[in-house]
Amino acid sequence: MFGCDKLKTARKTLPRIAIAGLAIESSTFSPALTHEEAFHAKVGDDIFSSYDFLATDSIDYKRAKWFPILIGRALPGGIVTREAYESLMNKMLEGLKKNLPYDGLFFDIHGAMSVVGLDDPEGDMIVRIRQVVGKETIISTSMDLHGNVSWRLAQHSDLITCYRMAPHEDAVQSDKRAVDNLLSRLESDKGKPPYKAYIPVPILLPGEKTSTRVDPGKSLYAKVAPAAAQPGVIDAAIWIGYAWADEPRNHAVVMVTGDDKGAVTNTAEKLAESFWNVRNDFEFIAPVAPLKESLDMAVASKKHPFMISDMGDNPTAGGAGDVTYTLQEILSRPEFKSEKGPSLIYASIPGPELVESAIKAGVGGKVDEHAGAAIDNRYAPPVRLAGVVKSIQHGDVHAETEVVVQIGSVQVIVTKKRKPYHKEIDFTRLGLNPRKTDIVVVKLGYLVPELYDMRADWVMALTPGGVDQDLQRLPFKRIVRPMFPFDKEMANPDLTAKLVPSSDE
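Conventions used here
Residues numbered from 1 in each chain as written. Predicted model: local features only at pLDDT ≥ 70, side-chain atom pairs only at ≥ 80, totals over all residues. Heavy atoms only, no water. Helix = DSSP H or I, 4+ residues; strand = E, 2+ residues; numbered from the N terminus. Rg over C-alpha atoms; globule rule 2.2 N^0.38 Å. Contact = heavy atoms within 4.5 Å. Pairing = 2+ DSSP bridges. Axes fitted to C-alpha atoms, helices over the stretch in contact; angles between N-to-C directions. Buried < 20%, exposed > 50% of the residue type's maximum accessible area, 1.4 Å probe, protein only. Right-handed = clockwise from strand over helix to strand, strands pointing away. 1 Å grid on protein atoms, 1.4 Å probe; cavity = no way out; pocket = protein on both sides within 12 Å on 5 of 7 lines; lining within 4 Å. Points joined across faces, edges and corners; volume = space filled by probe spheres on them.

Engineer: Would you take a moment to explain the overall build of the protein chain for this structure?
Structural biologist: Within the protein chain one finds 14 helices and 22 strands. Computed over C-alpha atoms, the radius of gyration of the protein chain comes to 24 Å, within 12% of the 23 Å expected from 2.2 N^0.38 for 505 residues, which places it in the range of a compact globule. For the protein chain, the C-alpha atoms occupy an extent of roughly 75 × 50 × 40 Å along the three principal directions. When contacts within the protein chain are restricted to residue pairs at least 6 apart in sequence, long-range pairs at least 24 apart make up 75% of them.

Engineer: Is there a simple way to explain the sheet that holds strand β16 (residues 366-371) in this structure?
Structural biologist: Working definition: the strands of a sheet are paired by backbone hydrogen bonds and lie parallel or antiparallel to each other. Judged by pairing direction, the sheet is mixed, and its nine strands sit side by side in the order β13-β21-β14-β20-β15-β19-β18-β17-β16 without closing on themselves. One side of each edge strand has no neighbouring strand; the edge strands of this open sheet are β13 (288-289) and β16. Bridging between strand β14 (residues 306-310) and strand β20 (residues 439-442) involves four bridges; their strand directions are parallel. The partner of isoleucine 308 across the bridge, within β20, is valine 441. Most of the contacts of helix α10 (residues 291-300) go to β14, to which it runs at about 165°, and overall it touches β13, β14, β20 and β21 (457-461). The sheet strands contacting helix α11 (residues 325-332) are β14, β15 (344-350), β17 (383-396), β18 (400-407), β19 (410-415) and β20, and the helix crosses β17 at an angle near 125°.

Engineer: Quick question: what am I supposed to make of the pairing of strand β9 (residues 159-162) here?
Structural biologist: When a strand is regular, its side chains alternate between the sheet's two faces. Judged by which residues are buried, β9 turns out to be covered on both faces: Leu159 and Thr161 on one side and Ile160 and Cys162 on the other are all buried. As judged from the four bridges shared by strand β8 (residues 138-143) and β9, these two strands associate in the parallel manner. Opposite serine 140, over in β9, you have leucine 159 as the bridge partner. As a crossover connection, the stretch from β8 through helix α5 (residues 151-156) into β9 is right-handed.

Engineer: What's the story with the layout of surface pockets in this structure? I'm lost.
Structural biologist: Empty pockets left among the atoms are what a rolling probe the size of a water molecule brings to light. When its volume is computed, the second largest pocket comes out at roughly 730 Å³. Around the second largest pocket sit 32 residues that line it, and Leu33, Ala38, Ile375, Lys417 and Arg418 are the ones nearest its centre. Top element by residues in the lining of the second largest pocket is β16. It accounts for three residues.

Engineer: For this particular structure, what's the right way to read the environment of proline 482?
Structural biologist: Inspection of the secondary structure puts proline 482 in the loop between β21 and β22 (498-499). Along the sequence, proline 482 and proline 202 sit 280 residues apart, while their C-alpha atoms lie 7.2 Å from each other. Beyond its immediate sequence surroundings of up to four residues, proline 482 is in contact with Pro202, Asp487 and Met490.

Next comes the structure, spelled out in structure tokens:
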């Protein structure tokens, strides 16, 4: 550990700031496991490529001497193996030891990591970081609003913030806010804020019901920025929490940090009360229906493209991404048996064996191979895909190789490794035109911005999987009860702000 005098001597004029963190959203209800390579860890100067606001010619970059250590960001998925977590943590901690001391640390995490045999991994991570960097270093934590804030994470974070939009169109701005808050406290010599108000809110809802595009989420989150702008307040945040992990820390949280005790605690209590008061108003952001009804609606619709979210196996929420339940149903329907039927794109299903067969057959060749259900076969077996190879593309960072197989009027995207499809170019690079397609089925929950803007109509299908939107169907055993909506008649909770001890203690 290093004292304040040593820190000031070491940094001379510019503060010394490290960057570290691991981010993933991982479902404990999925049979999938997440391994180290999934994090695509960056070390050293490669880390700056993740932050436009820290480009070498940027203002923020010039405000400090930066020590980028290690960051990793994995696609949402299953629980992280202990081996992967320990390996990445050891690399991070060894990297941090090389350039001590630090005035500050930008701790970039998601907040919904689950690790085999370990509760609250982000809390464990920050405690182990503290053991290396010491208590004097100011840690500024940036998170996804679907992360979880344990008391331990709150105590060892000095500054903490999270996204204010879902979908997360403000992710970059939120990271920059965390960095700017840190730089401001260091440059002003104000140091750690004396007050951190913490309020657990016993609500556990999926993101598909809490989008900030519509009320009540829109109005609720509209209160956050003005709350953070008050005199005596540094930042304010509302975490929805992560709905698909069964841990005691999984619930909503409100936190406010600042220099004025009254402003900090009152603001936190008002935000928490606002959240609790609208708990019954949260609804799915789009119409929802069982799968058969969703397909019936899409086939009958005159609006194209008609988007269907295959929600239960959404890989961007933590699903395994290889559940074949929906694709089996699509291929069994008579409307899609002929090439003249309604055009449909299905994105996507992992099938490495089929990909290999498609490469051998080439574009225009035929394949007859099974795909999917290698990891999550609880709801349907591997699906047989017998059709014509329409496209083959190599080099995707997640999928590695993608092929398009046409079966009747259905174009199925098959990947070597799972991949979510978020952008128009994800389709067009494969020779597909979603705008000119009758029905587009994606393994997603709420549509991300490009798909949302593209849709002519949309339904979210209540399909099974590791991120089932019907939370009542999932075998929760360890969340703290009572919890809304599991206990709808529960008494009003105590929403009094609790002051979190300083990380110095």
